Amino acid sequence: MSQKLVIDPVTRVEGHGKVTIQLDEENKVTDAKFHIVEFRGFERFIQGHPYWEAPVMVQRLCGICPVSHHLAAAKAIDQIVGIEPEDLSVPAQKIRKLLHFGQVFQSHALHFFYLASPDLLFGAESDPLKRNVVGVAMEYPELAKKGILMRKFGQEIIKLVAGKRIHGISTTPGGVHKRVSAKERTYFLDGKDIPSIDTMIKWSIEIIDFMKSYHITNKEFLDSFAKYPSGHLGLVNKKNGFLELYDGVLRATDGNGNITLNDIPNDDYDQYFYESVKKWTYLKFPYLRHLGKEKGWNRVGPLARMNICEGIETPLAERERLDFKAITNGGINNMTMYTHWARLIEVLYCAEMMKNLLEDDDILSNDLIRKGERRKEGIGIIEAPRGTLIHHYEVDDKDRITRCNLIVSTTHNNEPMNQAVRWVANNVLDGKPKITEGMLNQVEVAIRAYDPCLSCATHALGQMPLEISLYDPAGNIIDSKRN
Amino acid sequence: MKNNTIILGIGNVGRQDDGLGWLFLDFLEDEDFEGIDIEYRYQLQIEDAELICNYQTVIFIDATKEITKKGYYYKHCEPSDQFGFSTHELAPETILFLANQLYNHDPKAFILGIQGHEWNLEVGLSKTAKENLDKAKEYFGTNIFSRHVLSS
């Protein structure tokens, strides 16, 4: 008798998703899908609101990366008031970047320490009662304490710039609301009240060293698990092709490193992207139209960014990037589990950038807002922690939003995550006489590497977990897993 | 962090009665109670274990679906290692457990649960929740504040 496995909810991800795996009479995998079962329709209900409300409203998409939505929307709204990214005042650019690096730093720390490290430290098939952040705190207290303080540091940076740690407000059309004071920045530099930015850099390096050691001892698993060729998409610096998180041009490569999107300006994105829909999920499938649905999908996020960039402007992160690239002799890395390592290199990059910005007197300036000539359309693209985030708005003469299109990082990663599920189904579950909890967790380990934010991707509210189920050939659930 | 007591209000004012915890903090701010630091939370996270280590007394305030006799309950909160394995959202008991495990800190801890009834995507409390909030405020002013804030 054939059967269907359902993982529902998938755990330790942001949002609610479900995995179904169909097995035949001999337990051979015949189908595997990653479904997103939330729906909200943020793009629709923002219509009719005045454009200046967008950066405030859309950040409510998420409690983990609201800053990313706030900034992407702000960049789009800047255009509506006639300001290109390079037209912002230098202090406003730097204050926004400080906010952004604080956000990416805390989000990546959250993912590594709270969500991913239990699998890495205890093993994907270890006791699920221990395989969680409390288990990490009990067995690795020093690591847990560093994780807490690194996340706290990023959140304090967000609070500095935006007023509070979640859903604060920093931007205004054409700039930012407030500067940083000398006293405020000292809080992050002197190490008296919280560990200093120099400590953050030191700890970031230590965590990367841990990850490198982990790769040495677990090389076979990490090199093979959920490895499959894919496109890689992200922003790069328009001048030198370096890693860029706040403002750049769009670049993509295929799984062999051939350029498939050659440094496209943000405003042209909709000439290159299509989104397809499927009946079994609310999450769309973006792809590069000139390559088609089958070949045009891309990973986004830390691994993609390491693959497409030509360097990193901060010295310590660049040194780590070179070590990372040496694994593949400078070529494209399609090994999904290397996403964790890439993410930690970005943690170090963000720490170095925050130090540079905190020590820069421009953030103390009151030159914060620019004005330009009103337009009817604005597009903002940034690299959110999870990958390329696109906000696109059109407004009417009464300043009301008439159209909104959001392509969120996790949406780009929809097909890659489905590929990951199929890889585990075919390589771990296929033909096995008994399916264990540890095997099912490997499905989640593959998804978790992408740090998906399913609420963002469907713009959804509600319960957050993710599920796996097992179906027989008649469509009856015979086993399932959820929290 | 200048006081001995921290009160963490948990909830979301965009989900009707789920905003009870935050609205209670608004009341504390408006009334300017002395000796208290307050923090608003959508959900508790592991870093709150580090935060509460700066205090002798912790009070968690949240909306509850539990049926209560008075419209609210107030009780001791004990450390526990029980944890939903899927998420980074933590219970007050787990926060206390982590504070003890990671920082060897064991504050006096209490939970004020205020009964709510409506949880839809709307701003504003239900009529019954408003009444329960008022009862909880009165109890805080006449009882909790003197027993667990001024004495800490």
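In this text, all values refer to a predicted model and were calculated from it rather than measured experimentally. (Residues numbered from 1 in each chain as written. Chains lettered and ligands numbered in written order. Predicted model: local features only at pLDDT ≥ 70, side-chain atom pairs only at ≥ 80, totals over all residues.)

A. Region of interest: the overall build of chain B. For chain B, the count of helices and strands is four helices and five strands. Taken against the 2.2 N^0.38 rule, which gives 15 Å for 152 residues, the C-alpha radius of gyration of chain B at 15 Å falls within 12% of a compact globule. Counting over 152 residues, chain B shows a buried share of 42%. Sequence separation of at least 24 residues holds for 75% of the intrachain contacts in chain B that already meet a minimum separation of 6. (Helix = DSSP H or I, 4+ residues; strand = E, 2+ residues; numbered from the N terminus. Rg over C-alpha atoms; globule rule 2.2 N^0.38 Å. Buried ≥ 20, exposed ≤ 12 C-beta atoms within 10 Å, placed from the backbone. Contact = placed C-beta atoms within 7 Å.)

B. Spatial organisation of the nonpolar core. Within the largest apolar cluster, 171 residues are counted, with the highest numbers of intra-cluster contacts made by Ile345(A), Met354(A), Val421(A), Val424(A) and Ala446(A). With residues up to four places along the chain from it excluded, the contact list for Ala446(A) reads Ala226(A), Thr336(A), Ala420(A), Val421(A), Trp423(A) and Val424(A). (Core = buried A, V, L, I, M, F, W, Y, C linked by C-beta atoms within 7 Å.)

C. How the structure looks around the confidence of the model for chain B. The predicted model of chain B has a mean per-residue pLDDT of 89, with 93% of residues at 70 or higher. Across the interface, the model reports ipTM at 0.83; the global pTM reads 0.89. (pLDDT = per-residue confidence, 0-100.)

D. Representation of the packing of helix H4 (residues 90-122) of chain A against helix H6 (residues 141-162) of chain A within the structure. All names here are of chain A. The interhelical angle for the contact between H4 and H6, taken along N-to-C directions, is 155 degrees, at an axis separation of 8 Å. Classified by the interaxial angle, the pair formed by H4 and H6 is roughly antiparallel. Crossing geometry of H4 relative to H6 is assigned as left-handed. When H4 is examined against H6, the residues Ile95, Leu98, Leu99, Gly102, Gln103, Phe105, Gln106, Ala109, Leu110 and Phe113 are found in contact with a partner set consisting of Ala144, Gly147, Met150, Arg151, Gly154, Gln155, Ile157, Ile158, Val161 and Ala162. (Axes fitted to C-alpha atoms, helices over the stretch in contact; angles between N-to-C directions. Parallel < 35°, antiparallel > 145°, perpendicular 65-115°, else oblique. Left-handed = near helix turned anticlockwise from the far one by under 90°.)

E. Inspection of unusual backbone geometry at higher detail. Although it is not a glycine, Asn27(A) sits at a positive phi angle of roughly 60 degrees. One can find Asn27(A) in the loop between strand E2 (17-23) and strand E3 (29-36). What makes Asn27(A) partly exposed here is the crowd of 15 C-beta atoms within 10 Å. Of note, Gln16(B) is a non-glycine position whose phi angle comes to about 50 degrees, a positive value.

F. Examining the sheet that holds strand E12 (residues 377-384) of chain A more closely. Residue and element names in this part refer to chain A. Taken together, three strands build an open sheet; the order of strands is E12-E13-E14 and the sheet is antiparallel. Since the sheet does not close on itself, it has two edges, and those belong to E12 and strand E14 (401-407), each with one partner. Sheet twist, expressed as the average angle between the axes of neighbouring strands with direction ignored, equals 10 degrees. When strand E13 (residues 387-395) meets E14, the two strands line up antiparallel, connected through six bridges. The residue bridging His391 from the neighbouring strand is Leu406, located in E14. Those strands touched by helix H3 (residues 66-80) are E12 and E13, and its axis lies near 150 degrees from that of E12. (Pairing = 2+ DSSP bridges.)

G. Focus on the packing of helix H8 (residues 197-217) of chain A against helix H13 (residues 338-358) of chain A. Residues and elements named next belong to chain A. Their axes nearest at 9 Å, the elements H8 and H13 cross at an angle of 165 degrees. Classified by the angle between their axes, H8 and H13 sit roughly antiparallel to one another. For the pair H8 and H13, the crossing hand works out as left-handed. The residues of H13 that touch H8, namely those facing Ile197, Met200, Ile201, Ser204, Ile205, Ile207, Ile208, Met211 and His215, are His340, Trp341, Leu344, Ile345, Val347, Leu348, Ala351, Glu352, Met354, Lys355 and Leu358.

H. Structural view of the sheet that holds strand E6 (residues 231-236) of chain A. All names here are of chain A. Read from one edge to the other, the open sheet built from four strands follows the order E8-E7-E6-E11, with strand pairing classed as mixed. Of all the strands in the sheet, the pair left with one neighbour each is strand E8 (259-264) and strand E11 (298-299). In the sheet, E6 pairs with E11 via two bridges, with the strands oriented parallel. When the bridges of E11 are listed, Gly231 appears paired with Asn298.

I. Representation of H6(A) in the model. In this model, H6(A) (22 residues) spans 31 Å end to end at C-alpha, consistent with the 32 Å of a helix rising 1.5 Å per residue. Gly163(A) occupies a position one or two residues after H6(A) and carries a positive phi of about 95 degrees. (Expected span 1.5 Å × (residues − 1).)

J. Representation of the pairing of strand E1 (residues 5-10) of chain B in the model. Residues and elements named next belong to chain B. When you tally the buried positions in E1, you get six out of six residues, the bulk of the element. Burial of E1 is two-sided: the residues Thr5, Ile7 and Gly9 facing one way and the residues Ile6, Leu8 and Ile10 facing the other way are all buried. Here E1 runs beside strand E2 (residues 36-41); their pairing, made up of six bridges, is parallel. Across the sheet, Ile6 pairs through a bridge with Asp37, a residue of E2. Each parallel crossover has a hand, and the one from E1 via helix H1 (residues 20-31) to E2 is right-handed. Across six bridges, the pairing between E1 and strand E3 (residues 57-64) is parallel. Note that in E3 the partner of Thr5 across the bridge is Thr57. (Right-handed = clockwise from strand over helix to strand, strands pointing away.)

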